[in-house]
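# A closer look at the structure
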Amino acid sequence: MRAAAAAVAAMLAGCAPQTEEGTEPGSPGPDANEGAITVVSYGGSYARACVLGYHESFTAETGIQVNLEDFNGGLAQIRAQVEAGAVHWDVVDLGVADTVTGCDEGVLELIGPELLPPGPNGEAPADDFLPETNTECGVGTLLYSTIYAYNPETLPGPAPTALADFFDLERFPGRRGMQRKPEANLEFALMADGVPKERIYELLGTPEGLDRAFRKLDTIKDEVVWWEAGAQPPQLLADGEVIMSTAWNGRIFNAQVLEDQPFVIVWDGQIMDRGQLVVVAGTPHLEGALRFMRHAARSESMAGVGRYIAYSPARRSGQALIDRHAETGVDMWPHMPTNPANMKNFLMADWEWWADHRDEMQERFAAWLAR
Amino acid sequence: MRVRDRAVTSQGSPSVSQPPARPLWRRALGPRLRAAGLALPLVAFVSVTFLGPMLSLLTKSFYDPEVADALPETMAALRDWDGQGTPPDEAFAAVAREFVAARTERNLGRTANRVNRVASGMRSTIMGSSREMVDAAAAAEAAGEAMDGAFWRETMIAIDSRWGDPEPWRALEAAGQRFTARHYLKALDFERGPDGGYQRAPEVWRIYVPLFWRTFLVSLGVTLLCLVIGYPVAHMIANAPPKRANVLLLLVLLPFWTSLLVRTTSWIVLLQNQGIVNDFLVAIGLIGDDGRIAMIYNMTGTFVAMTHVLLPFLVLPLYSVMRAIPPAYMNAAVSLGATPFQALRRVYWPQTLPGVGAGCLLTFILAIGYYITPALVGGQSGQLISNMIAYHVQTSLNWGLAAALAALLLGGVTLLYVVYDRLVGIDRIGLG
């Protein structure tokens, strides 16, 4: 019932968008309670990009302070807060599989399409957002990729160019970094084994296909160093602990431009996924949270993030605004996962499949790791 | 501190003494109650913060009412179904009513997730079908059609042909059992067979039983390693002159007072591939630069770090027991003709057994529940059962399974305790 009431409130707030756009810069919010909202994200270079990219402009425009908190993803804390009736997170940065699961459970606010602002040239949001970036409760803000990168200083000789090279111990002997979870690794294994990308998830759903993925992973298992936090792969590469590692493309980009690391990203077989913002159901700062969502959904905000880290805006008009890195002047477009040059062979992550199979895959993966 | 001999305790109990004791019993009651009253804050504290939460969590391992409460009509309609073919029309009608209502209330997702744990894929089957079922119900209402069981049978199978198979219905029925053994079966690596019964999972899916074994063996290994290292240390401290003993004791206590995380991550600095130990070995030419030894992110790392972290728990009880042993015993044994080894084995060692028992039991039980250290330095092969419990509590939120795993672990430790009591006698444990 709380969820239903909140949904009505969300719709009402969405129906009166002019109040936000018409507010003078710097003028405080109408309600003293709206003085601050809590936004939860993944920390590190990504959170920094969000603060510089659009949190600051949001505070300047609305007078609402943004308190930033870090977490490691997942619905556990959101569920706990909603069930306890003590919601202190307002806006959360979540993966799509979690967004949809949380939405079905009623722990997230429904976000009506009327909340989404038009593009800078009046583009209608329905056409402007890339397909499948928005869901009932989530507003798509960016596209990011899981790729693999190598360090040419510790990997002399011929350079790897294809996803299959990651699994080729003969031509590229040495340790490899991979994330310690089944997501992306299973897809990488099947793609490298020559499965066409349209059939990856269909095959993973069968016992034979799953066995095939694990057999492929078996071939490099002894050489794998497992990472857990996004900041680890650049560190492993820089330390020479591994010669190549899977990673989130933005973290490698940051090491390249801000730390002058010579890392090279192999875009072949990149797995693209969407990042979304959600509002926790029953937040006491609903109006402020929705204003924040509306601000974050602007093309300029998404491009603002894209000026600090190589994650692509989820809107076409936002992609058009991508230019140079704000601190080093590096051209951002060649580093974006949505650059057609980087998308010659890519896989879109299937959140529905993962929402259905995550627990099961985690068990199988843990059993495999322990063997 | 030493636990008294059993015979003494049972003789001291007033309930055993004979009838005329009544006035005495009366007189003894007042002070006894007052004494017990002093313990009340502790009892209340332990009940509220430990026993209560523990029992409520353990209950979740066999009691799971969520699906039964969410879909009561469906469960009633499925009660008489024999599990073959498709259930009767009433079940289709009941499931449709409850799916559509829950979907409109936005709380079907929780139910779907629960059923998905019984059979993967049920989440999308339920959420996907119910979305279309809401539309179908609205359309039928607008057209004035009757929404009976036959209507829903046809509609649901048209929306998703799987509703024409027995599997989704069996999954619903299984998830709707309030009292269930499925968490325990899963924790013992059993799975649902094609006929709905349970069978041992294929080897590639077995995870918990091997992990229990590994946890047991690692804990045993760490305890023995601690004993081998800690025994001489404790002996040395116990027999050193007071000033030096204090310094040595401080050396044991200092790491004990240091944060667990700091100690564990220090081992990473020391042992990693480009770490201090490997650098040193390369520098002195013992190994080549390409032959660096993998000492961390594997079982070696888990053993080294856990032994270091747990060592004080063995040294301290041993030390306090050893300090109470008069050196005269050893001197007497040697002067009566025993070799030093004989004296150690037959005179000294038996006297330290209470300390050995206490230290080993403490170390072993702590080791069996360890998870931060294995998570940080264990790599792929150094994970223990507690890491899986933490995963199911924090990430997958499958508290039923977590509770079943924890209950099995608790049961195992209790069993070991009982065995230890039978073999050695728990009253022989002492902290000096």
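A brief look at the structure comes next. (Residues numbered from 1 in each chain as written. Chains lettered and ligands numbered in written order. Predicted model: local features only at pLDDT ≥ 70, side-chain atom pairs only at ≥ 80, totals over all residues. Heavy atoms only, no water.)

### Some thoughts on the interface of chain A and chain B
The condition that has to hold: Only heavy atoms matter for contacts: two residues are in contact if any of them lie within 4.5 Å across the pair. Two parts lose some accessible area (1.4 Å probe) when they are put together, and adding that loss for both gives the buried area. A carboxyl oxygen of Asp or Glu within 4 Å of a side-chain nitrogen of Lys or Arg is what we treat as a salt bridge. Under the DSSP-based scheme used, a helix requires at least four consecutive residues in state H or I and a strand at least two consecutive residues in state E, with every element numbered from the N terminus. Residue polarity follows a fixed list, in which Ala, Val, Leu, Ile, Met, Phe, Trp, Tyr, Cys and Pro are nonpolar, Asp, Glu, Lys and Arg are charged, and the others, Gly among them, are polar.
Taken together, the 38 residues of chain A in the interface contact 36 residues of chain B. Around 3200 Å² of area is buried between chain A and chain B when both sides are counted, 43% of it from carbon and sulfur atoms. Looking only at chain A, the three residues that lose the most surface to chain B are D104, D356 and E363 of chain A, adding up to 21% of its buried area. Applying the counting rule to chain A against chain B returns 5 salt bridges. Salt-bridge contacts for E363 of chain A lead to K186 of chain B; the nearest nitrogen and oxygen are separated by 3.2 Å. When residues of the side of chain A that touches chain B are traced back to their parent elements, those giving at least two are helix 4 (76–84), helix 5 (96–105) and helix 16 (351–370) of chain A. Of all the elements, helix 16 of chain A adds the most residues to the side of chain A that touches chain B, at 15 residues. Of the residues in the side of chain A that touches chain B, the class split is 16 nonpolar, 5 polar and 17 charged.

### Details of the packing of aromatic side chains
Where we set the bar: Between the rings of Phe, Tyr and Trp (Trp by its six-membered ring), a pair exists once the centres lie within 6.5 Å; its type follows the angle of the planes, with under 30 degrees stacked, over 60 edge-to-face, and the other angles tilted. Only protein chains enter the accessibility calculation, which uses a 1.4 Å probe. A residue is then buried if its area is under 20% of the maximum for its type, exposed if over 50%, and partly exposed in between. The criterion for a charge sitting over a ring is simple: Lys NZ or Arg CZ within 6 Å of the ring centre, and within 35 degrees of the ring normal.
On inspection of all chains with the given rule, the structure shows 25 aromatic pairs over all chains. Judged by centre distance (5.0 Å) and plane angle (90°), the rings of W353 of chain A and W354 of chain A are edge-to-face. Using a relative accessible area of 9% as the deciding quantity, one classes W353 of chain A as buried. Where W213 of chain B meets F216 of chain B, the ring centres are 6.1 Å apart and the plane angle is 85°; that geometry is what we call edge-to-face. Of this pair, W213 of chain B and F216 of chain B both sit in helix 11 (residues 208–239), 3 residues apart, which is roughly one turn of the helix. Under the relative-accessibility criterion, W213 of chain B is labelled exposed at 54%. Under the relative-accessibility criterion, F216 of chain B is labelled partly exposed at 27%. Ring pairing ties together the aromatic residues Y42, Y46, F71, W89, Y144 and Y311 of chain A, which thus form one cluster. The residue whose ring lies beneath K221 of chain A is W368 of chain A, and the NZ or CZ to ring-centre distance is 4.7 Å.

### Topic: the pattern of salt bridges
In this structure the tally under the stated criterion is 31 salt bridges over all chains. The shortest N-O distance in the salt bridge between R180 of chain A and E228 of chain A comes to 3.1 Å. Separated by 48 residues along the polypeptide, R180 of chain A in the loop between strand 5 (176–179) and helix 8 (185–192) and E228 of chain A in the loop between strand 6 (224–227) and helix 11 (232–239) bring together distant segments of the chain. Taking the shortest distance from any N to any O, the salt bridge between D64 of chain B and R182 of chain B comes out at 3.0 Å. Taken together, the residues D64 of chain B in the loop between helix 2 (22–59) and helix 3 (66–70) and R182 of chain B in helix 10 (residues 182–187) connect sequence positions 118 residues apart. Connected via shared salt-bridge partners are E83 of chain A together with D64, E66, R110, R114 and R182 of chain B.

### Here's the deal with the nonpolar core
Short version of the rule: Side-chain atoms within 4.5 Å link the members of a nonpolar core, which is a set of buried Ala, Val, Leu, Ile, Met, Phe, Trp, Tyr and Cys residues.
If you look at the biggest cluster of nonpolar residues, it comprises 39 residues, and the most contacted ones within it are F167, M178, L186, L204, L217 and M244 of chain A. At the level of secondary structure, the elements contributing two or more residues to this core comprise strand 4 (139–150), helix 7 (163–166), helix 8, helix 9 (200–204), helix 10 (207–218), strand 6, strand 8 (264–279) and helix 16 of chain A.

### Regarding the side chain of T283 of chain A
Residues and elements named next belong to chain A. Worth spelling out the cut-off: Identification of polar contacts relies on pairs of N or O atoms within 3.5 Å, with a donor-acceptor requirement for protein atoms, meaning one able to donate a hydrogen and the other able to accept it, and with residues adjacent in sequence counted only if both atoms are side-chain atoms.
With respect to the secondary-structure elements, T283 resides in the loop between strand 8 and helix 13 (286–296). In terms of polar contacts, T283 uses its side chain to reach the side chain of D90, at 2.5 Å. A polar contact is formed between the side chain of T283 and the backbone nitrogen of H285, at a distance of 2.9 Å.

### Considering the pairing of strand 2 (residues 65–70) of chain A
All names here are of chain A. Note the threshold: By definition, two strands form a pair when at least two bridges between them are found by DSSP. A clockwise path from the first strand over the helix to the second, with the strands pointing away from the viewer, defines a right-handed crossover.
Pairing between strand 1 (residues 36–41) and strand 2: 6 bridges, direction parallel. Bridged to V40 within strand 2 is E69. The handedness of the strand 1 to strand 2 crossover, carried by helix 3 (residues 44–62), is right-handed.

### Points about the packing of helix 6 (residues 108–118) of chain B against helix 7 (residues 122–143) of chain B
All names here are of chain B. Quick note on the threshold: Axis geometry follows a simple rule: fit a line to the C-alpha atoms, using only the stretch in contact for helices, then measure angles between N-to-C directions, giving values from 0 to 180 degrees. In this scheme the crossing of two helices becomes right-handed for a clockwise turn of the near helix relative to the far one and left-handed for an anticlockwise turn of less than a right angle.
Axis separation between helix 6 and helix 7 bottoms out at 7 Å; the angle between their running directions is 145°. Note that helix 6 runs across helix 7; the crossing there is right-handed. Where helix 6 abuts helix 7, its residues L108, G109, A112, N113, V115 and N116 lie against M122, R123, I126, M127 and S130.

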